[in-house]
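Next come the chains, spelled out residue by residue.
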Amino acid sequence: MRHSIARSGAALLAAAALVLPTASAVAEPAADRTTGPAASTDARAGAPVKPPVLPRHIDGGAWPTSHVQGAAIDEHEGVVYWSFTQVLVKTDLEGNVLGTVTGLTGHLGDLDLNTHDGRVYGSLEYKAEEAFYIAIFDGAKIDRIGMDAETDGIMTTVYLPEVVEDFTADMDRDGVFDGDTGNTADHRYGSSGIDGVAFGPAAGKDRGRAKGKQVLRVAYGVYAHKDRIDNDNQVLLEYDVASWRRYEKPLVQDAPHRSGPREVRNKYFVFTGNTTYGVQNLEYDEASGHWFLAVYKGTKPGYPNYSLFVVDGDRPPYEAVVRGQAEPELGDHLSLLPAGQYDPASSTFGWTFDASYGLVSVGGGYFYGASGGPVVEDGIKKQTGALDLYRWTGATPTPFEKVG
């Protein structure tokens, strides 16, 4: 998916920005549930937005794993799926545990629900094996605690060759791949693997709010490395998963399979400036038509190092030179929404809001933001996870306001 600069000239396309809707005119309910703005409308389609009726707070429990890494909500079934990096947890909307998936030795990252097939998709990394997957969980079958990811028939995986190719790229051409370290010239685009995943409409010139074909976007993790500039883009792969069942296989972690699509539907670059491990959580918001990129802040002093970026869903991709490549390369780029904080030195827009543990759009300008932290229970170190309901205000520098 890399294009030589000699193949065609760069074309920069621009379009007017659509600001995200606010949800400020909401009467606060007395109960512990809240409803969104009944008068809110979908600005592109003109259709009324169904207000969410959801808890203000959902507790995901405490688990002897690493921190919460993502969440997905199935509103129809009234359940939440939580990624705790080595364990998938399923709860109801009150936080009661309905089941868990254990036995994962890789890193389970961000999650999203595919509303077309009802399954949960998540990023899954095995860096030492140079293997990266989308894990697909059949949530309806997760009905007890301690189910096994390999043997209980609830998880299949699809291998992503494009990710492997960029992660293992020998960029300094010394004949040696330096492995999982940021302190190297290796890893094309500074790729450290994958984290953020989200379903949404494909980009294109004529895409209306509800017209784009549903695609899965997968965001690269990106090493922060201060001494290179090819890692100042976010990289988003776009897949059409409609035919993925032909690739899906159960994962035997001692012998990772290599069944997956050779080509990606699209590969996009988003210039944000430096981040630490790229897009931790990716989310598409149907109400605004924009894509949210939650990151760990970068470390380069030349950038404002925002923690939240928004990709403008109304502006079509444009072709431009990919930053920092030894051999000039053209790639398709997406634009940041021109709103929030603006840094003229880098020409980047962003906000200050930590959604790196999870961000879930629930419609009408409402989102769940995840939080977590370490606890000790009965002498065992654990990590907690929780979701709190926020409304989008668009305020600068912090654009979300907790409900209640």
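Because the structure is predicted, anything quoted here is derived from the model rather than measured. (Residues numbered from 1 in each chain as written. Predicted model: local features only at pLDDT ≥ 70, side-chain atom pairs only at ≥ 80, totals over all residues. Heavy atoms only, no water.)

A. Structural view of the overall build of the protein. Across its full length, the protein holds 1 helix and 29 strands. The buried share of the protein, reckoned over its 404 residues, is 59%. Split by element, the accessible area of the protein, about 16100 Å² in all, is 50% carbon and sulfur. (Helix = DSSP H or I, 4+ residues; strand = E, 2+ residues; numbered from the N terminus. Buried < 20%, exposed > 50% of the residue type's maximum accessible area, 1.4 Å probe, protein only. Areas by Shrake-Rupley, 256 points an atom, 1.4 Å probe, with all protein chains shown as cover.)

B. Structural detail: the sheet that holds strand E9 (residues 107-114). Strand order in the open sheet made by the 4 strands is E9-E10-E11-E13, with antiparallel pairing throughout. A single partner strand is all that each edge strand has here, and the edge strands are E9 and strand E13 (155-159). Between one strand axis and the next, the sheet turns through 25° on average, direction left out of account. In this sheet, strand E10 (residues 119-126) lies alongside E9 in antiparallel orientation, the contact comprising 6 bridges. For histidine 107, the partnering residue across the bridge sits in E10 and is glutamate 125. (Pairing = 2+ DSSP bridges. Axes fitted to C-alpha atoms, helices over the stretch in contact; angles between N-to-C directions.)

C. Summary view of the packing of aromatic side chains. In total, this model carries 22 aromatic pairs according to the counting rule given. With a centroid separation of 6.0 Å and 65° between ring planes, the pair formed by tyrosine 306 and phenylalanine 309 is classed as edge-to-face. Judged by its relative accessible area of 6%, tyrosine 306 falls in the buried class. Each member of the aromatic cluster is reached from another via a ring pair, and the members are Phe292, Trp351, Phe353, Phe367, Tyr390, Trp392 and Phe400. Lying across the ring of tryptophan 291, arginine 217 places its NZ or CZ 4.2 Å from the centre. (Phe/Tyr/Trp six-rings, centres within 6.5 Å; stacked < 30°, edge-to-face > 60°. Lys NZ or Arg CZ within 6 Å of the ring centre and 35° of its normal.)

D. Inspection of the side chain of threonine 184 at higher detail. Along the chain, threonine 184 turns up in the loop between helix H1 (161-167) and strand E14 (191-201). For threonine 184, a relative accessible area of 7% translates into the label buried. Separated by 2.5 Å, the side chains of threonine 184 and aspartate 178 make a polar contact. Sequence-distant contacts of threonine 184, defined by excluding residues within four places in its chain, comprise Asp178, His225 and Arg228. (Polar contact = N/O pair within 3.5 Å; in protein donor to acceptor, adjacent residues only side chain to side chain. Contact = heavy atoms within 4.5 Å.)

E. Layout of the pairing of E10. Where burial is concerned, most of E10 is hidden: 8 out of the 8 residues are buried. Of the two faces of E10, the one carrying Arg119, Tyr121, Ser123 and Glu125 and the one carrying Val120, Gly122, Leu124 and Tyr126 are both buried. Where E9 folds back on E10, the antiparallel hairpin that results is connected by 4 residues, among which glycine 118 adopts a positive phi of roughly 75°. Here E10 runs beside strand E11 (residues 131-137); their pairing, made up of 7 bridges, is antiparallel. Within E11, the position partnered with glycine 122 by the bridge is alanine 135. As consecutive antiparallel partners, E10 and E11 are separated by 4 residues, and within that stretch glutamate 130 has a phi angle of approximately 55°, a positive value.

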